[in-house]
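Breakdown of the fold
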Amino acid sequence: ESDPFDFEIEVTPVNDAPRITGPGEPVDAREDTPIEVGLRAVQIEDPDSDTFELVVLEGEGYTVNAQGLAVPDDNLAGELTVNVRVFDDAEPEPAASEAFDLVLQVAQVNDPPEVPGVAIDDLVAHAPFAALPGTLLEGARDVEDDPLFVTPQEAAPTAAGGRVVIAEDGSFTYDGPVGGLGQD
């Protein structure tokens, strides 16, 4: 049996990685608009740090732009899961959390309808202006499938002195100026 003796043990601290424990405050997210996901969007635990940086990772249904914002796919509205990770500020090397699936609600935005141009000049470019019927809504569509309508106009003047009468259903009658030829 030996005599007791003292010895020292030096414990070197290690940087514990931060941990995302759940979602935080709601994120303002709108269709067709880049989304800024900040630190308040998640709850973080870290026993040895209180300064963090949040990074949005690539994922499905969105891309990440040069500013680190999540850019939803075109016309995406509803639930979007964005992958995020947080880093602490430890030196010499920050520690990273595991990736976390943050579920966002992307608000729908009423997109303008897609309405093809009405090429009246193509029809009358080589003939004197004459009464010409047509419809403004032919080939038009709304991304959200909302019904389309136009505001009726009675004898609206055109640039060259013609007149256009537009009905609520999008049908119109164009009367060109007397003796006119070319574009109006």
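Take a negative patch on the surface next. A grouping of Asp32, Glu60, Asp73 and Asp74 is seen on the molecular surface, where their side chains present a negatively charged patch. Counting through the fold element by element, Asp32 comes out in the loop between strand S1 (19-23) and strand S2 (42-45). On the basis of relative accessibility, which here comes to 37%, the residue Asp32 falls in the partly exposed class.

Now for the packing of aromatic side chains. By the definition in use, this model includes one aromatic pair. Ring centres of Phe5 and Phe7 lie 6.2 Å apart, and the angle between their planes is 45°; on these two criteria the pair is classed as tilted. Grouping residues by exposure puts Phe5 and Phe7 together as exposed.

As a further point, take the nonpolar core. Ile35, Val37, Val42, Val56, Val82, Val84 and Leu102 are the most contacted members of the largest nonpolar core, which has 20 residues in total. Those elements that place two or more of their residues in this core are strand S3 (52-56), strand S6 (78-88) and strand S7 (100-106). Listed in part, the five residues of the second largest apolar core include Val150, Val164, Ile166 and Tyr174.

Moving on, we get to the sheet that holds S6. In space, the three strands of this open sheet follow the order S3-S6-S7, with antiparallel pairing throughout. Each end of this open sheet is capped by a strand with a single partner; those strands are S3 and S7. For this sheet, the mean angle separating the axes of adjacent strands, direction not counted, is 40°. By the bridge criterion, seven bridges tie S6 to S7 in an arrangement that is antiparallel. Along S7, the bridge assignment pairs Leu80 with Leu104.

Along the chain, the position of Gln153 falls in strand S9 (residues 153-157). Those residues in contact with Gln153 that sit more than four places away from it in its chain are Val164, Val165 and Ile166.

The next point concerns a nonpolar patch on the surface. Among the surface-exposed residues, Phe5, Phe7, Ile9 and Val11 lie close enough to one another that they form a single nonpolar patch of about 550 Å² accessible area. In this fold, Phe5 is placed in the segment before S1.

Turning to the side chain of Ser49, a few remarks are in order. Tracing the sequence through the fold places Ser49 in the loop between S2 and S3. Within polar-contact distance, the side chain of Ser49 engages the backbone oxygen of Thr51 at 3.4 Å. A distance of 2.8 Å separates polar atoms of two side chains, one belonging to Ser49 and the other to Asp89. The contacts of Ser49, once residues within four sequence positions are left out, are Asp88 and Asp89.

Thresholds applied
- Residues numbered from 1 in each chain as written.
- Predicted model: local features only at pLDDT ≥ 70, side-chain atom pairs only at ≥ 80, totals over all residues.
- Heavy atoms only, no water.
- Patch = residues over 30% accessible without salt bridge, like charges linked within 9 Å, V, L, I, M, F, W, Y side chains within 5 Å.
- Areas by Shrake-Rupley, 256 points an atom, 1.4 Å probe, with all protein chains shown as cover.
- Salt bridge = Lys/Arg side-chain N within 4 Å of Asp/Glu carboxyl O.
- Lys, Arg positive; Asp, Glu negative; His and termini not counted.
- Charge placed at Lys NZ, Arg CZ, Asp CG, Glu CD.
- Helix = DSSP H or I, 4+ residues; strand = E, 2+ residues; numbered from the N terminus.
- Buried < 20%, exposed > 50% of the residue type's maximum accessible area, 1.4 Å probe, protein only.
- Phe/Tyr/Trp six-rings, centres within 6.5 Å; stacked < 30°, edge-to-face > 60°.
- Core = buried A, V, L, I, M, F, W, Y, C linked by side-chain atoms within 4.5 Å.
- Pairing = 2+ DSSP bridges.
- Axes fitted to C-alpha atoms, helices over the stretch in contact; angles between N-to-C directions.
- Contact = heavy atoms within 4.5 Å.
- Polar contact = N/O pair within 3.5 Å; in protein donor to acceptor, adjacent residues only side chain to side chain.

Keep in mind these numbers describe shape, not what the thing actually does.
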